[in-house]
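Single-letter residue listing:
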Amino acid sequence: MLSPLGLILIKDEDAMSSEIVKAEDIEKSFGGIKVLDRVSMAVSAGEICCLAGENGCGKSTLIKVISGVYPHDGGRIELNGREYQRLGPIDSIREGIQVIYQDFSLFPNLTVAENLALNDQVESGRSLVSWGRVRRIARESLAMIGIDMDIDKTVGELPVSSKQLVAIARAVYCNARLIIMDEPTTTLTQKEIESLFSLIRGLREKGISTLFVSHKIREMLDITEKITIMRNGRVVVSGYTRDFDEIKITQAMTGREISGDRFRWSGNTGEPPLLRTEKLGRSGAFQGIDLTLRRGEIVGVTGLLGSGRTELALALFGKGPSDEGRIFRNDREIVIKSIQDAIANGIAYVPEDRLTEGLFLEQSIERNLFANIYRKFINSVGLLDFRKVRAAASEKARQYGVTAPDISLPVRSLSGGNQQRVVLARWMSTGADVLILNGPTVGVDVGSKFEIHKKLREITESGVGILIFSDDIQELIMNCNRIMIIHKGSFTNEFRSDTLRESDLIDCLNASR
Amino acid sequence: MKGGLGKLVRSENNLFQLTIITVCTFALMCWLLPGTFLTVRNFRSMSFQFPELGILSIAMMLAMLTGGIDLSLVGIANLASILVALSFVKLMPPGSSSGVVIAFMAGAVLLAILAGSLCGLLNGFLISKFNVPPILATLGSMQLYTGIAIVITKGAAVIGFPPQYSVIGNGSVGIFSIPLIIFISLLAVFAVLLRKTNYGINLYLIGANMKAAIFAGIKTDKALMISYMVGGCLAGLAGLVMSSRTNGAKADYGTSYILQSILVSVLGGVKPSGGSGNVAGILIAVLALQFLSSGFSMLRFSNFAKEFVWGCFLLAIMIINYFTSERNKT
């Protein structure tokens, strides 16, 4: 059998100059709406490129056209120099194009070995499974990307970063010449992102190109050589990464200038704090947490995955409550044993995964806005007054900048940023003055991210205190006045963000590992 | 008003289709059975038949709204009607005055509601506190309730209701049969409950996304418990109507109602995955089914053939729903 690695190495020399993908003037419409308007881009062998743009700019559609999922309406597609009139998914795979979607398309119930060998098993059309062969393929494919992993582990039990490695190994084993990664760093910690990047650089040495689909600007600047930025279905700008900087990219992506002021807190430390914990702990998750949140403050909490970060956020909201220590609101001791306790004490929580934990996708925007406060609209006979509900919902949507033609539409029809605004608006309507956000801008594009941050700062002006649990270092530095580092369930450092440099925080995080 | 109607049709696309199907069924039966289908007599007899299925379907919808199902409804209805029957047979002295009979009847209604609610509460308890999947919890409790009913009756029908009792299932006020009046009032109550109360909206939200509902601070356990309890209570009422109409109570009466009530709910636009459905859909779907059922009887279909048709019908609707939702996605 020909080793796929060998194949790539042989092709290496002449491949460096050739273009794996060359798309010219691609057009694509859905139901009369032009999603791609004369879009051109090219990726050459051994290049690391980035396709950037806000949600809904057409970048996912372009990926689907290149990978043969959607047929293109107009323009030319060349893969490895061969033009395709009608490109199918099989053609694209045969030409060595592999897409790793955000969910990795792995089988969580199967082992690493089975996941890696499945393609071969299906392709070879064998009806019997040779376990020796399965294990050999699995070891070979992991060796190709230089990773060591227990191949008998069930994929569902692996951390996200390892799942991603399995997906990459599988792609490389399938003779990939170009690996397209859709938002690969969204759920990774800083450390994991770095090892992913070094892996990608390693692939480049072997002549395998990578196309990032991303909206994380810092990462683009870190890893890529070429950047193509899309907006509203068009390529706005395209060129070598060395000619770009953060501001230029942001402007190109959003079409407007975004200011970069750090958040400053100018409150009074003499007042009793909104929320204070004393030696708060939950066995197996975190311990000895002393946290103080004052009126108008935005405090960030960050730590690696598994540091107890999410557990702490949840415990403060009564889910998986703490089992030792004390919690005070305005110096009065309170007990939080359930979500209802937390809500009754004016604590609001915007969950990490808005799709599974935050939103009712098929339900209307209005119901999503008011899910937990409908009782506020009960009239004298105990029934809901829908005229009032409707008016209040429209007002809320406007106030939080949710752009939707009609609030009776399902929330599924909104963009990621708008969905996040709906969740935020819901929680602020409960009248809470402690707002806990877990990963507030995960999967949200730059423009919406900025709007959400602006909204958060606005909220603090009314005296609300905000806790942000996040691993987006830049987000924390820009928007928090204090940042706590959590490691193995305890706070290890506290930073004031006004003088803090990003690299200090990253060093501190990595040192704790 | 016209704009409102147009909006309703657009937002309840399914309801609109369903209405057309119902009207077509009706027209078809009128055409196939001239002179027998479109008669006052047939309509009177239908108005006694479908309300019990209708009541059970409301209960089924309630369970399916939250993404569950309640297979024990007919079991509950039969158990409740047997308890009511026994209370008349064993406790009421023969030859009682009409005052005593009326008091006993009021007691019977309470007993049916109470027994139904308790059975439903057990379902809700299993589902919310022990996380038993609804389909298994209610499959088990269906056997439990039916088993109890068989043990206390030894499988025989219990008869011996006072004549006054049969008014519930066979009487009428003006041109409206009493079962129909009961059904329509329940429809009205549940329309208000589901559309205009906090609790009703919570049920939709729980069905749409349980996890998000928990995070939104909705007391999901309590809400589920109540919904199954209310479902059981409705089943108790259905049992009352059934036993009164047939003048007897039996452990294995009306078992095909379970499939039919699921059919009505699904036909009426209740998604088995939860989160959508409304009372109007139930009303129209139950009518469509009754038109078909009466028509089949007049065309001399056997009961077995009917059950076969219901099964096919249910599967066909699920397949059609699959295609319409696929179409809506793109």
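Residues numbered from 1 in each chain as written. Chains lettered and ligands numbered in written order. Predicted model: local features only at pLDDT ≥ 70, side-chain atom pairs only at ≥ 80, totals over all residues.

1. Overview of the overall build of chain A
Then, number 1: Scanning chain A from N- to C-terminus turns up 18 helices and 20 strands.
Then, number 2: For chain A, the spread of C-alpha atoms along the principal axes amounts to about 70 × 50 × 50 Å.
Then, number 3: Of all 513 residues assigned to chain A, the portion counted as buried reaches 46%.
Then, number 4: The contacts of chain A with a sequence gap of at least 6 include a subset with a gap of at least 24, amounting to 70%. (Helix = DSSP H or I, 4+ residues; strand = E, 2+ residues; numbered from the N terminus. Buried ≥ 20, exposed ≤ 12 C-beta atoms within 10 Å, placed from the backbone. Contact = placed C-beta atoms within 7 Å.)

2. So, the overall build of chain B
Then, number 1: Scanning chain B from terminus to terminus reveals 14 helices and two strands.
Then, number 2: Its C-alpha atoms give chain B a radius of gyration of 20 Å, within 12% of the compact-globule value 20 Å for 330 residues.
Then, number 3: Considered along the principal axes of its C-alpha atoms, chain B spans approximately 70 × 55 × 40 Å.
Then, number 4: Here chain B holds 330 residues, and 45% of them are scored as buried.
Then, number 5: Considering only contacts in chain B between residues 6 or more positions apart, those separated by 24 or more positions represent 81%. (Rg over C-alpha atoms; globule rule 2.2 N^0.38 Å.)

3. Side note on the sheet that holds strand 5 (residues 82-84) of chain A
All names here are of chain A.
Then, number 1: Taken together, four strands build an open sheet; the order of strands is 2-1-4-5 and the sheet is antiparallel. The open sheet terminates on both sides in strands that have one partner only, identified here as strand 2 (33-44) and strand 5. The mean inter-strand angle of the sheet, taken between neighbouring strand axes irrespective of direction, is 20 degrees.
Then, number 2: Sheet contacts for helix 2 (residues 59-66): strand 1 (19-30) and strand 2; angle to strand 1, the most-contacted strand, approximately 120 degrees. (Pairing = 2+ DSSP bridges. Axes fitted to C-alpha atoms, helices over the stretch in contact; angles between N-to-C directions.)

4. Some remarks on the environment of B:Thr220
All names here are of chain B.
Then, number 1: Along the chain, the position of Thr-220 falls in helix 11 (residues 220-246).
Then, number 2: Sequence separation between Thr-220 and Asn-202 is 18 residues, and the spatial gap between their C-alpha atoms is 8.3 Å.
Then, number 3: In contact with Thr-220, not counting residues within four places along its chain, are Ile-206, Met-210, Ala-213 and Ile-214.

5. A word on the nonpolar core
Then, number 1: A:Ile436, B:Leu56, B:Ala59 and B:Ala80 are the most contacted members of the largest nonpolar core, which has 166 residues in total.
Then, number 2: Of all the elements, helix 11 of chain B adds the most residues to this core, at 14 residues.
Then, number 3: Of the domains in this structure, domain 3 (272-346 + 434-513) and domain 4 (354-431) of chain A are the two that each give at least three residues to this core.
Then, number 4: Apart from residues no more than four positions distant in its own chain, B:Ala80 is found in contact with B:Ala112, B:Ala115, B:Gly116, B:Ala235, B:Gly236, B:Gly239 and B:Leu240. (Core = buried A, V, L, I, M, F, W, Y, C linked by C-beta atoms within 7 Å. Domains from an automatic or database assignment.)

6. Some remarks on the packing of helix 3 (residues 40-65) of chain B against helix 13 (residues 279-298) of chain B
Residues and elements named next belong to chain B.
Then, number 1: Across the interface, helix 3 lies against helix 13 with an axial gap of 9 Å and an inter-helix angle of 135 degrees. Comparing their axes, helix 13 and helix 3 come out oblique. Crossing hand, helix 3 versus helix 13: right-handed. Facing Asn-42, Met-46, Gln-49, Phe-50, Leu-53, Gly-54, Ser-57, Ile-58 and Met-61 of helix 3, the residues of helix 13 in contact are Ile-282, Val-286, Gln-290 and Ser-294.
Then, number 2: Split by residue class, the contact of helix 3 with helix 13 holds seven nonpolar, six polar and no charged. (Parallel < 35°, antiparallel > 145°, perpendicular 65-115°, else oblique. Left-handed = near helix turned anticlockwise from the far one by under 90°. Nonpolar A, V, L, I, M, F, W, Y, C, P; charged D, E, K, R; others polar.)

7. Considerations on the sheet that holds strand 9 (residues 226-231) of chain A
Residue and element names in this part refer to chain A.
Then, number 1: One open sheet accounts for six strands, arranged 6-7-8-3-9-10; its pairing is mixed. Of all strands in the sheet, those with a lone pairing partner are strand 6 (97-100) and strand 10 (234-240), marking the two edges. Here the strands of the sheet are splayed against their neighbours by 15 degrees on average, with no regard to which way each runs.
Then, number 2: Taken together, the six bridges between strand 9 and strand 10 define a ladder with antiparallel strand orientation. Note on strand 10: the bridge partner recorded for Thr-228 is Ser-238.
Then, number 3: Contacting strand 6 and strand 7 (178-182), helix 6 (residues 160-173) crosses the sheet at an angle of about 170 degrees to strand 6.
Then, number 4: Contacts from helix 9 (residues 246-254) reach strand 3 (48-52), strand 9 and strand 10, with the element oriented near 30 degrees to strand 9.

8. So, the pairing of strand 18 (residues 465-469) of chain A
Residue and element names in this part refer to chain A.
Then, number 1: Burial analysis of strand 18 places five of its five residues in the buried class, the great majority of the element.
Then, number 2: The alternating pattern of strand 18 places Gly-465, Leu-467 and Phe-469 on one face and Ile-466 and Ile-468 on the opposite face, and all of these are buried.
Then, number 3: With four bridges connecting them, strand 13 (residues 298-302) and strand 18 associate as parallel partners. Note on strand 18: the bridge partner recorded for Ile-298 is Ile-466.
Then, number 4: Direction of pairing for strand 17 (residues 434-438) relative to strand 18: parallel, over a ladder of five bridges. Note that in strand 18 the partner of Ile-436 across the bridge is Leu-467.

9. Observations concerning the interface of chain A and chain B
Interface size is commonly expressed as the accessible area that is lost once the parts come together.
Then, number 1: The interface is formed by 22 residues belonging to chain A together with 20 residues belonging to chain B.
Then, number 2: Counting residues per element, the ones that place at least two in the side of chain A that touches chain B are helix 11 (339-344) and helix 12 (354-358) of chain A.
Then, number 3: Each residue belonging to the side of chain A that touches chain B can be placed in one class, and the counts come to twelve nonpolar, six polar and four charged.

10. Description of unusual backbone geometry
Then, number 1: The backbone of A:Asn80 sits at a positive phi, close to 50 degrees, despite the residue not being glycine.
Then, number 2: Its location among the elements puts A:Asn80 in the loop between strand 4 (74-79) and strand 5.
Then, number 3: One non-glycine residue, B:Lys154, lies in the positive phi region at around 55 degrees.
Then, number 4: If you trace the backbone, B:Lys154 turns up in the loop between helix 6 (134-153) and helix 7 (167-170).

11. Describing the domain arrangement of chain A
Then, number 1: When cut into domains, chain A gives domain 1 (4-96 + 177-254), domain 2 (108-174), domain 3 (272-346 + 434-513) and domain 4 (354-431).
Then, number 2: Between the C-alpha centres of domain 1 of chain A and domain 4 of chain A there is a distance of 37 Å.

12. Description of the confidence of the model for chain A
Residue and element names in this part refer to chain A.
Then, number 1: The pLDDT averaged across chain A works out to 84; a share of 93% of its residues lies at or above 70.
Then, number 2: Considering each helix and strand of chain A separately, the mean pLDDT is smallest for helix 1 (residues 4-15), with a value of 42, and largest for strand 18, with 94.
Then, number 3: Note that pLDDT drops below 50 for residues 1-16; the model gives that stretch 16 contacts with residues more than four away or on any other chain. (pLDDT = per-residue confidence, 0-100.)

13. Digging into helix 15 (residues 416-428) of chain A
Residues and elements named next belong to chain A.
Then, number 1: Helix length check: helix 15 (13 residues) gives 19 Å between terminal C-alpha atoms against 18 Å at 1.5 Å per residue, within 8%.
Then, number 2: Burial analysis of helix 15 places twelve of its 13 residues in the buried class, which makes it a mostly covered element.
Then, number 3: By the burial criterion, the buried members of helix 15 are Gly-417, Asn-418, Gln-419, Gln-420, Arg-421, Val-422, Val-423, Leu-424, Ala-425, Arg-426, Trp-427 and Met-428. (Expected span 1.5 Å × (residues − 1).)

14. Re the confidence of the model for chain B
All names here are of chain B.
Then, number 1: Chain-level pLDDT for chain B is 89 on average; 95% of the residues reach the 70-or-more range.
Then, number 2: Ranking the elements of chain B by mean pLDDT puts helix 1 (residues 2-11) last with 47 and helix 6 first with 96.
Then, number 3: For residues 7-11, every residue scores under 50 in pLDDT, and the model assigns this stretch two contacts once sequence neighbours within four places are set aside.
Then, number 4: Interface confidence for the predicted complex, given as ipTM, is 0.82, next to a pTM of 0.75.

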